[in-house]
Amino acid sequence: MKKLYLSACTSVLMLFTGASAGAAELRVAYKADPASLDSSANWDANTIRFVLNFYDPLLDYDGKDFIPVLAESWEQVEPTRWRFQLRKGVRFHDGRDFGADDAMFSVMRATEPSSRAKSVVRGVTGVEKIDDHTFDIITDIPRPFLINMLDRLPMLSKSWAEENNALAPADVGKEQSNAALVEENGTGPFILERRDPGRQTTAVRNPDYWNAANVKSNIDRVTLVPISSDASRVAALLSGEVDLIVPAPMQDVARLETGSDTTVWKGQEARGVFLGFDATSDNLGKDASRGPNPFKDVRVRTAVYQAIDADAINRVVMRGNGSVANMIVPPGVIGYDPERPRLPYDPAKARELLAEAGYPDGFKAPMECSNDRDIGDAATCEAVAAMLARAGIQIDLQSRPSTQFLSALLGGGASFYRFSWGNNGWAASNTMSDLAGCKPEGQRGFAISGYCNPELDELVKQINSESDVAVRDELTKKAWDILDAERLFVPLHYPPIFFASTKAVDDVEVNSDGSLRWAGVSKAD
Amino acid sequence: MLGMLLRRIVESLIVLFAVAFIAFSLFSFIGDPVNNMLGQEATEAERLDMRERLGLNDSVIVQFTRFIGRAVQGEFGVSYRQSRPVIDLIAESLPATLELSFFAMVLAVGLGIPIGIQTAINRDSLVSKVLMTGSLIGISLPTFLAGILLIMIFSVKLGWLPSFGRGQVEQMGWWGTGLRTWSGIKALILPTITLAIFQMTLIVRLVRSEMLEVLQADFIKFARARGLRERLVQFGYALPNTLVPVITIVGLQLGSVIAFAIVTETVFQWPGMGLLFIQSVTFADVPVMAAYLLLIALIFVVINLLVDMLYYVIDPRLRSMAGL
């Protein structure tokens, strides 16, 4: 009993000292804990960006240009060869020097059979060392967009990985587990202090950060906790137990904005929300018993487009915080064209088109929708269903958790769906081939329309290997024209991002991927 | 006695097997874990390759046989989401759930039985009426709402107690306990109350109705007729007879508190098995779900067995019947 009392006393003491020394300590509540600290073993947006507080990539993208991080410069020395000049004098957290061996190792690590990050290094066939701070990446075909993906790939230390049995990402199939999942040794602005997966992670500022001069943040310690329930996360902020919540639930944003103790930080996500169709199958859900597939007719797809008031969805469902999309790719992506017009909202025209297509009284169709994947996804679907009902299309809405939703989409039974697509390597051509490229039957992936146009595929191929920007833009425009004529997609909006903090937090950079860089936060003493 | 025990153990094994099989046949409906594991840019070939690596292309029967074969040896594989051994994940979260469930049951029993007795003995007093109305609220208030209300009052408005987490946890071997630090004890209070509310009201109502029934029984009437003091009649004769069914229910409720602490754990971000399970469901983390369901089934079966044994100990009639 006495012992218990003593330890209780010391922990109260610790609480006090912790509070007084934590003038620039930041406490953040995330919705979900990252799955691990090795993004090549857990390739999900949450883990990828969390890890980049500990690790640095070779380069970064600021929405307009690629900027040097651990690589000082890069160029395509041959069509299939990229050369990277690495920064000198960079050290890993345990003091090892960063050099070409580490960078080469990190790139090839993503190509390992057990890697889940293969999409980052697609087409990479090898690496070659030029000197201690220069190396080449060799690709199968000319790949001008190779560097676009590298902003997400962390640079690990080769010798550290060797010592910790983490040369390859842990292979779940073989039931492997390794140190890189729970420890880190990066070059980034923060050093992991302690990680208790699923409960708490603490990190301290890297005192020897190579880029310290450019970090304005005064945060020297961060405590990160996951709080999955939206209401509880907000409560933790209101009670002052955490300084910042990522993200803030949309339904609480208005209250947090007007609250005297809280601030809301907004951004726009580099993600396009859209409706899509199965434009080729004869029957709904590829099932003859469910009747013919009306979305096979481009007039029906156009009618759906014009029957939907995207502005109203953004105003009501997104509470005016997103922005109406004119394309399926978001601004910032290479190949995004701000001038490309939307089809106007025109319910009368929609009815006319439906009648022309042979559906004067409309029809019935199922719609696939997620309810936990994006901000306001289920509510968006309900709004869409209501708008289509006015045009005569009766929607049988299937809103499900994203695991089931993705299985439904990839299972190939979806005829009409709401989906969103993040930027894929900041290149519209990637989105085109992912969502509308020719795919072998049964392996459509997310190209659910089933649409296949060799001309479009050829254009995408040219765009992907064209280094001349003006020519590339012209080709991209042509490709969009082809896609627009088909109306395979109805662009809806670019969703908002909300973080919320107490008034003690002075500045929060909201990244377009919805992630938080701790070095982008400042807090009053 | 021994024969009964053996029979019950064999029955328990059949139950465990059945639970595992039902769980496995349901996993195909929660979606494909591979889509969560690889991200949207993965090609279909990469997805197929991953499915093959995980053995998800095999039939349910093959997957189930493999699972049982390894579970018997105490192996539950690696989590799809965290790439860490499932055993480790369970070992980390089990103590949190057990501590929470234990204190919730202690609170529920500790308050529930006295209140039940009070409302039975003094049926028409004002206090009893207030308590019974209160228990009605307790039994109909959703756990989620109760938790949020407590957080709003004690964390947000008053700032006395933490709204999430388990406070500072100290390791005692593999058991991480929150009971040795002040912050851990503070963190335990609100989740315990939230989890206990429903159980407590259940016990109050059970004790009350049992007691009322026993008080009408002939042996109580005889005891009163003999002129025994009312206190002795109530606490010496009526109460022990009331408690037999109460013990059964409390035992079984302990199982369900451990298994269904999910809502409370979610509201308070209590890092127990319920939270682990919910996260696994959203990710379709099959190895974790399978191990969790099997463990919960095991807990139920063991508690059930213990309660049955206890019944024999408490009730002499059963013992004599078994002896015959």
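Residues numbered from 1 in each chain as written. Chains lettered and ligands numbered in written order. Predicted model: local features only at pLDDT ≥ 70, side-chain atom pairs only at ≥ 80, totals over all residues. Heavy atoms only, no water.

Caption draft 1: Structural view of the overall build of chain B. Looking only at helices and strands, chain B features 14 helices and 2 strands. Overall, the C-alpha framework of chain B stretches about 85 × 60 × 35 Å when taken along its three principal axes. Residues classed as buried in chain B amount to 49% of the 324 residues present. Carbon together with sulfur atoms contributes 71% to the accessible area of chain B, which is approximately 15,500 Å² in total. Positive and negative side-chain charges in chain B, numbering 24 and 22 respectively, have mean positions lying 13 Å apart. (Helix = DSSP H or I, 4+ residues; strand = E, 2+ residues; numbered from the N terminus. Buried < 20%, exposed > 50% of the residue type's maximum accessible area, 1.4 Å probe, protein only. Areas by Shrake-Rupley, 256 points an atom, 1.4 Å probe, with all protein chains shown as cover. Lys, Arg positive; Asp, Glu negative; His and termini not counted. Charge placed at Lys NZ, Arg CZ, Asp CG, Glu CD.)

Caption draft 2: Spatial organisation of the interface of chain B and chain A. Each partner contributes residues to the interface: chain B has 56 residues there, and chain A has 59 residues. Summing both sides of the interface, chain B and chain A together bury roughly 4,600 Å²; the carbon and sulfur share of this comes to 51%. If you look at where chain B meets chain A, you find 3 salt bridges. With its nearest N and O atoms 2.5 Å apart, the salt bridge here joins Asp-171 of chain A to Arg-53 of chain B. Secondary structure elements with two or more residues in the side of chain B that touches chain A: helix H2 (33-38), helix H3 (44-54), helix H5 (86-121), helix H7 (143-157), helix H11 (262-267) and helix H12 (273-283) of chain B. Looking at the side of chain B that touches chain A, its residues break down into 26 nonpolar, 18 polar and 12 charged. (Contact = heavy atoms within 4.5 Å. Buried area = accessible area lost by both parts, 1.4 Å probe. Salt bridge = Lys/Arg side-chain N within 4 Å of Asp/Glu carboxyl O. Nonpolar A, V, L, I, M, F, W, Y, C, P; charged D, E, K, R; others polar.)

Caption draft 3: Expanded view of the sheet that holds strand S6 (residues 124-131) of chain A. All names here are of chain A. Taking strand neighbours across the sheet as the criterion, the 4 strands line up as S4-S5-S7-S6 in an open arrangement whose pairing is antiparallel. Whereas interior strands pair on both sides, the edge strands pair on one side only; in this sheet they are strand S4 (71-78) and S6. Taking each pair of neighbouring strands and ignoring which way they run, the sheet shows an average axis angle of 20 degrees. Here strand S5 (residues 81-86) pairs with strand S7 (residues 134-139) via 5 bridges, running antiparallel. By the bridge assignment, Gln-85 is partnered in S7 with Thr-134. (Pairing = 2+ DSSP bridges. Axes fitted to C-alpha atoms, helices over the stretch in contact; angles between N-to-C directions.)

Caption draft 4: Region of interest: the sheet that holds strand S10 (residues 221-226) of chain A. All names here are of chain A. Pairing in this open sheet of 7 strands is mixed, and the strands run S8-S9-S10-S1-S11-S19-S12 from one edge to the other. Edge positions in the open sheet fall to strand S8 (190-196) and strand S12 (262-268), since each of these has one partner strand only. Averaged over neighbouring strand pairs, the angle between their axes works out to 20 degrees when direction is ignored. In terms of strand pairing, S8 meets strand S9 (residues 200-205) through 6 bridges, oriented antiparallel. Across the sheet, Arg-195 pairs through a bridge with Thr-201, a residue of S9. Sheet strands in contact with helix H7 (residues 250-258) are S12 and strand S19 (496-502), and its direction is about 130 degrees off that of S12.

Caption draft 5: Highlighting the nonpolar core. Residue and element names in this part refer to chain A. Leu-58, Phe-84, Phe-135, Leu-150, Phe-419 and Phe-446 are the most contacted members of the largest nonpolar core, which totals 71 residues. Broken down by element, the residue count for this core peaks at 5 residues, all from helix H15 (residues 469-486). When neighbours within four sequence positions are excluded, Leu-150 is seen to be in contact with Pro-57, Leu-58, Leu-59, Phe-84, Val-120 and Ile-137. Counting 53 residues, the second largest nonpolar core, distinct from the first, contains Val-273, Val-304, Met-318 and Phe-498. (Core = buried A, V, L, I, M, F, W, Y, C linked by side-chain atoms within 4.5 Å.)

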